[in-house]
Amino acid sequence: MKPVLVRQHEATTPPGLLVEWLEERGIAYEVHHSYKGHAVPEPSDYAFVASLGSPYGPNDTHEPGVVDELGLIGDAVEKDVPVLGLCFGGEVLSTVLGGRVEHAPVPELGWREIETDDPGVIPAGPWLEWHYERFTTPPGAVEVARTADAVQAFRMGPHLGVQFHPESTVEIVAHWASMDTENLDELGIEDGRALLDVAPGIEEAARGGAFRLFDAFFERVRESGKVAGEAGGKE
């Protein structure tokens, strides 16, 4: 089987639980650090592309890395390489499929429950979120989940875009909160870390939900017949 391509866009946005899932399932992968300016890979060399979070949005086309990711995900879609878009990655996927990304009137920060039409594919959570923009469901795509404030998930064929962060842990998001003091101050939030406090067991339940989401996505990838090929390595 071809390896999975994981696109990491900042040192502070690691793949977290996604890599745990890949390793537990014995799936080969490569993590490419897009922010290091390396050449954009060929998506057809991979079983699927997972694009992670970023401090930028797809409208920030003054950033070369954003332009590169729009090109890569657009190329993947054109070549029928499945895409798993997580927050920024979901926003990029929406954009290349004809949707749009806009300012979120209500930022979603911390743990959120979502309304899902297919809990076997997209569990209701709670999920970790940290975003100030939101995507729309692209034309022809199926909206799968939402909150009162934003679309949370859509799929089109084998592609899946989500607005939340199934790959992230509390430790990862707590680091974002510690760097986001200016925005939090404007919202009147004194302690961003407090948004992440939950009852015992929630974090482990979220990990289980993330694995179910990744499993369901990968099953659709397998059904699409896009996983055949040479085995690859990982880093």
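The structure displayed is predicted, hence computed values, not measured ones.

Engineer: Account for the overall build of the protein, naming residues and giving values.
Structural biologist: In terms of regular secondary structure, the protein is built from 6 helices and 10 strands. Scaling as 2.2 N^0.38, a compact globule of 235 residues should have a C-alpha radius of gyration of about 18 Å, and the protein matches this with 16 Å. Judged by the C-alpha coordinates and their principal axes, the protein covers about 50 × 40 × 35 Å. Buried positions account for 51% of the 235 residues belonging to the protein. Summarising the internal contacts of the protein: among those between residues at least 6 apart in sequence, 73% fall at separations of at least 24. Surface accessibility of the protein: about 10000 Å² in total, with carbon and sulfur atoms responsible for 49%.

Engineer: Please provide a residue-by-residue account of the nonpolar core, values included.
Structural biologist: One recurring pattern in soluble globular proteins: nonpolar side chains tend to sit buried together. Membership of the largest hydrophobic core comes to 33 residues, with the highest contact counts inside it found for Leu18, Trp21, Leu84, Ile122 and Leu213. Looking at this core, the elements that each hand over two or more residues are strand S1 (4–8), helix H1 (17–24), strand S2 (29–33), strand S4 (83–86), strand S8 (142–146), strand S10 (159–162) and helix H6 (202–224). Top contributing element to this core by residue count: H6, with 8 residues. Apart from residues no more than four positions distant in its own chain, Trp21 is found in contact with Ile27, Phe48, Phe211, Phe214, Asp215 and Phe218.

Engineer: Give me the lowdown on a negative patch on the surface, citing residues and values where you can.
Structural biologist: Taken together, the side chains of Glu182, Asp185, Glu186, Glu190 and Asp191 present a region of like negative charge at the surface. Tracing the chain through its elements places Glu190 in the loop between helix H5 (181–186) and H6.

Engineer: Talk me through unusual backbone geometry; I want residue IDs and the actual numbers.
Structural biologist: The step from Gly125 to Pro126 runs through a cis peptide bond, and the omega angle for that step is 15°. With a phi angle near 60°, Asp80 is a residue other than glycine that sits in the positive phi range. Among the structural elements, Asp80 can be located in the loop between helix H2 (64–78) and S4. A positive phi is found at Cys87, a non-glycine position, where the angle reads about 60°. On the secondary structure map, Cys87 appears in the loop between S4 and helix H3 (88–96). When its relative accessible area of 7% is taken as the criterion, Cys87 is described as buried.

Rules of the game
Residues numbered from 1 in each chain as written. Predicted model: local features only at pLDDT ≥ 70, side-chain atom pairs only at ≥ 80, totals over all residues. Heavy atoms only, no water. Helix = DSSP H or I, 4+ residues; strand = E, 2+ residues; numbered from the N terminus. Rg over C-alpha atoms; globule rule 2.2 N^0.38 Å. Buried < 20%, exposed > 50% of the residue type's maximum accessible area, 1.4 Å probe, protein only. Contact = heavy atoms within 4.5 Å. Areas by Shrake-Rupley, 256 points an atom, 1.4 Å probe, with all protein chains shown as cover. Core = buried A, V, L, I, M, F, W, Y, C linked by side-chain atoms within 4.5 Å. Patch = residues over 30% accessible without salt bridge, like charges linked within 9 Å, V, L, I, M, F, W, Y side chains within 5 Å. Salt bridge = Lys/Arg side-chain N within 4 Å of Asp/Glu carboxyl O. Lys, Arg positive; Asp, Glu negative; His and termini not counted. Charge placed at Lys NZ, Arg CZ, Asp CG, Glu CD.

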